[in-house]
Amino acid sequence: MAGQHTRLPPLNALRAFWAVMRQGTFRSAADELLVTPQAISQQIKLLEDTLHVPLFERKARVIEPTEHAIILSHFVQAGFDEFTEGIRRVTNSTYRNRININVSPYFATRYLMERLERFRQRMPGADIRLTTMVNVRDFAADEVDVSIQWGFGNWKEYDVKLLMHDPKIICCSPELAKQISSPTDLGRMTLLHPVMARDLWRKVLAHLGLPSLEMAGEIEFQDAATMRRGSISGIGVGLVSKLDALADIKAGALVAPLGIEILETMDKKDVPGFYLVVPRAHKRVKIISAFCDWIAAEQW
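Position numbers for residues start from 1 in each chain and track the written sequence from start to end. A pLDDT threshold of at least 70 governs which residues receive local features in this predicted model, and a stricter bar of 80 or more applies before side-chain atom pairs are shown or counted, although totals over entire chains, interfaces and linings include all residues. Based on all heavy atoms of the structure, the side-chain values leave hydrogens and waters out of the count.

### Points about the overall build of the protein chain
Summing up its helical and strand segments, the protein chain has 11 helices and 11 strands in all. In this setup the radius of gyration rests on C-alpha atoms only. A globule is expected at 2.2 Å times the number of residues raised to 0.38. A compact globule built from 300 residues would reach a C-alpha radius of gyration of about 19 Å, whereas the protein chain, at 24 Å, exceeds it by more than 25%. Dimensions of the protein chain along its principal axes, counting C-alpha atoms only, are 70 × 55 × 40 Å. Within the span of the protein chain, comprising 300 residues, buried residues form 44% of the whole. When contacts within the protein chain are restricted to residue pairs at least 6 apart in sequence, those whose partners lie at least 24 apart make up 74%. Positive charges are assigned to Lys and Arg, negative charges to Asp and Glu, while His and the chain termini are left out of the count. Charge positions come from single atoms, namely NZ of Lys, CZ of Arg, CG of Asp or CD of Glu. Each charge class in the protein chain can be summarised by its mean position, and for the 37 positive and 35 negative side chains these summaries are 4 Å apart. Each helix corresponds to a stretch of at least 4 residues labelled H or I by DSSP, and each strand to a stretch of at least 2 residues labelled E; elements are numbered beginning at the N terminus. Relative accessibility thresholds used throughout: buried, under 20% of the residue-type maximum; exposed, over 50%; partly exposed, between the two (1.4 Å probe, protein chains only). Only heavy atoms enter the contact rule, under which two residues are in contact if any of them lie within 4.5 Å.

Written out as structure tokens, the structure reads:
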């Protein structure tokens with residue numbers, strides 16, 4: 001019963017706290033909120049006194065959040081997300097028909113674009129705004145309602161749903177394939193991988209029974225299309241999405257030197273995929289909820 005009467009801190013103190021957590025310093029938080037660093041410091045002191053816990057450790061000119069601050073920050077972010085969503089819903093009547101979607105470039109071109117009209121038929125009049133960025137966006141700052149991201153589903157602060165796995169095939173140019181007769185030969189090759197999954201090759205090598213294999217070199221690529229072109233050009237061995245790999249192998253542009261099925265039995269947790277990522281508060285908006293339901297029901 002006592003928990004029902006918990007005294008909430010002043011909103012301004014929570015706002016200052018959240019700005020400091022995002023910006024990293026009192027001065028940067030002050031610049032964001034258009035106040036003085038002293039005002040920020042006073043608000044943080046007020047919040048600490050209200051909660052009776054230290055939130056930051058002051059070390060010379062550096063501040064470090066305590067464990068209490070890190071825990072609190074997740075709930076404060078969720079609270080401000082709720083506030084933002086509520087303000088949008090009551091002040092912008094057109095927002096109900098608009099949805100801002102950020103999509104992995106590969107998923108957008110390979111899968112989503114050809115099906116997006118199905119959603120428009122389900123929600124006539126929907127104002128769809130689509131961006132294609134590799135990284136998960138700042139949902140609040142970038143005004144993104146929902147995102148479809150490539151990765152392993154490690155976005156614990158959001159609602160996350162796997163839409164489809166993105167299995168890979170070890171591929172290289174026909175010329176380079178002549179130098180690969182067993183998995184151990186990969187140690188002599190330049191290995192190509194996406195910047196969003198720097199440990200993907202390690203997972204592959206562990207699956208091949210070579211967790212400690214030394215790699216001769218690596219090249220990172222921002223997107224799948226560029227990595228695929230790098231594999232075709234012969235600069236290294238790539239992990240190419242199965243759909244593309246099979247087409248390139250058939251055309252003779254790529255070769256799967258270890259076979260196209262060698263990674264099919266990888267542990268599913270080590271296989272990347274495309275995930276629907278959305279803040280929980282956003283799903284309370286009708287059009288966002290409808291989009292989430294539609295995209296989850298599609299057979300990707």
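On we go from here.
### With respect to the packing of helix α1 (residues 11-23) against helix α2 (residues 26-33)
Two elements in contact, α1 and α2, have axes whose closest approach is 8 Å; the angle formed by their N-to-C orientations is 120°. Considered as vectors, α1 and α2 are oriented oblique to each other. Here α1 runs over α2; the crossing is right-handed. Contact with α1, carried on its side by Arg15, Ala16, Ala19, Val20, Arg22 and Gln23, involves Phe26, Ser28, Ala29, Glu32 and Leu33 of α2 and no other residues of that element. Ten residue types, Ala, Val, Leu, Ile, Met, Phe, Trp, Tyr, Cys and Pro, are classed as nonpolar, four, Asp, Glu, Lys and Arg, as charged, and the remainder, Gly among them, as polar. Classifying every residue of the contact of α1 with α2 by side-chain character gives six nonpolar, two polar and three charged. Here an axis means a line fitted to C-alpha atoms, over the contact stretch when the element is a helix, while the angle between two N-to-C directions is reported on a 0 to 180 degree scale. Geometric relationships in this document are graded by angle, where less than 35 degrees denotes roughly parallel, more than 145 denotes roughly antiparallel, 65 to 115 denotes roughly perpendicular, and other angles denote oblique. Throughout, a crossing is termed right-handed when the near helix is turned clockwise from the far one, and left-handed when it is turned anticlockwise from it by less than a right angle.

### Considering the UniProt feature "domain: HTH lysR-type" (unreviewed entry) in the protein chain
UniProt positions are given in the numbering used here, feature names are shortened, and annotations may be inferred rather than shown by experiment. Per the UniProt record, "domain: HTH lysR-type" (unreviewed entry) is found at residues 9-66. End-to-end, the C-alpha atoms of residues 9-66 are 18 Å apart, and along that stretch the chain is 62% helix and 14% strand.

### Quick notes on the packing of α2 against helix α3 (residues 37-51)
In the contact formed by α2 and α3, the axes pass within 8 Å of each other and the chain directions differ by 105°. Put simply, α2 runs roughly perpendicular to α3. From α2, Phe26, Arg27, Ala29, Ala30 and Leu33 reach across to α3, where they touch Pro37, Ile40, Ser41 and Ile44.

### Quick word on the packing of aromatic side chains
Pairing of aromatic rings covers Phe, Tyr and the six-membered ring of Trp, with a centre-to-centre limit of 6.5 Å; geometry is then stacked below 30 degrees between planes, edge-to-face above 60, and tilted otherwise. What the rule picks out here adds up to 16 aromatic pairs. On the basis of an interplanar angle of 50° and a centroid distance of 5.7 Å, the ring pair of phenylalanine 291 and tryptophan 294 is categorised as tilted. Here phenylalanine 291 and its partner tryptophan 294 are both found in helix α11 (residues 286-297), three residues apart, which amounts to about one turn of the helix. Site record: aromatic cluster; members linked through ring pairs are Tyr106, Phe107, Tyr111, Phe119, Phe274, Phe291, Trp294 and Trp300. A cation sits over an aromatic face here: lysine 203 above phenylalanine 152, 3.8 Å from the ring centre. Over a ring means this: the NZ of a Lys or the CZ of an Arg is within 6 Å of the ring centre and within 35 degrees of the ring normal.

### Remarks on unusual backbone geometry
One non-glycine residue, leucine 34, lies in the positive phi region at around 60°. Accessibility expressed as a relative area gives 76% for leucine 34, which makes it exposed. Of note, the phi angle at histidine 52 is positive, near 65°, even though the residue is not glycine. Following the sequence through the fold, histidine 52 ends up in the loop between α3 and β1 (56-59).

### Some thoughts on the environment of valine 146
Mapped onto the secondary structure, valine 146 falls in strand β5 (residues 146-151). Each C-alpha atom of the pair valine 146 and isoleucine 99 lies 7.9 Å from the other, and the pair is 47 residues apart in sequence. In contact with valine 146, not counting residues within four places along its chain, are Ile99, Asn100, Ile101, Asn102, Phe139, Leu276, Val277, Val278, Phe291 and Cys292.

### Let's talk about the sheet that holds strand β10 (residues 237-241)
When DSSP locates at least two bridges between a pair of strands, those strands are taken to pair. Judged by pairing direction, the sheet is mixed, and its four strands sit side by side in the order β7-β10-β8-β9 without closing on themselves. The open sheet has two free edges, formed respectively by β7 (168-171) and β9 (217-221), since each of these has just one partner strand. Recorded for the sheet is a direction-independent mean angle of 30° between the axes of neighbouring strands. With respect to the sheet, helix α10 (residues 242-251) is in contact with β7 and β10, its orientation differing from that of β10 by roughly 115°.

### Notes on the nonpolar core
In this text, buried Ala, Val, Leu, Ile, Met, Phe, Trp, Tyr and Cys residues form a nonpolar core when linked through side-chain atoms within 4.5 Å. Within the largest apolar cluster, 54 residues are counted, with the highest numbers of intra-cluster contacts made by Phe107, Ile170, Leu186, Trp201, Val237 and Phe291. Per element, the largest residue contribution to this core is seven residues, and it comes from α11. With residues up to four places along the chain from it excluded, the contact list for tryptophan 201 reads Ile170, Leu186, Leu191, Leu192, His193, Met215, Val237, Gly238 and Leu239. Core analysis: the second largest hydrophobic core is formed by 20 residues, Ala19, Val20, Leu55 and Phe56 among them.

### Looking at the pattern of salt bridges
A side-chain nitrogen of Lys or Arg and a carboxyl oxygen of Asp or Glu constitute a salt bridge if their distance falls within 4 Å. Under the counting rule described, the total for this entry stands at 21 salt bridges. Between glutamate 143 and arginine 98 there is a salt bridge whose closest N-O contact spans 3.8 Å. Note that glutamate 143 is positioned in the loop between β4 (127-131) and β5 and arginine 98 in strand β3 (residues 98-103), a separation of 45 residues in sequence. Between lysine 283 and aspartate 159 there is a salt bridge, with the nearest N and O atoms lying 3.8 Å from each other. Here aspartate 159 lies in strand β6 (residues 159-165) and lysine 283 lies in the loop between β11 (273-278) and α11, a separation of 124 residues in the sequence. Look at lysine 283 and you get partly exposed, because its relative accessible area is 34%. For aspartate 159, a relative accessible area of 26% puts it in the partly exposed group.

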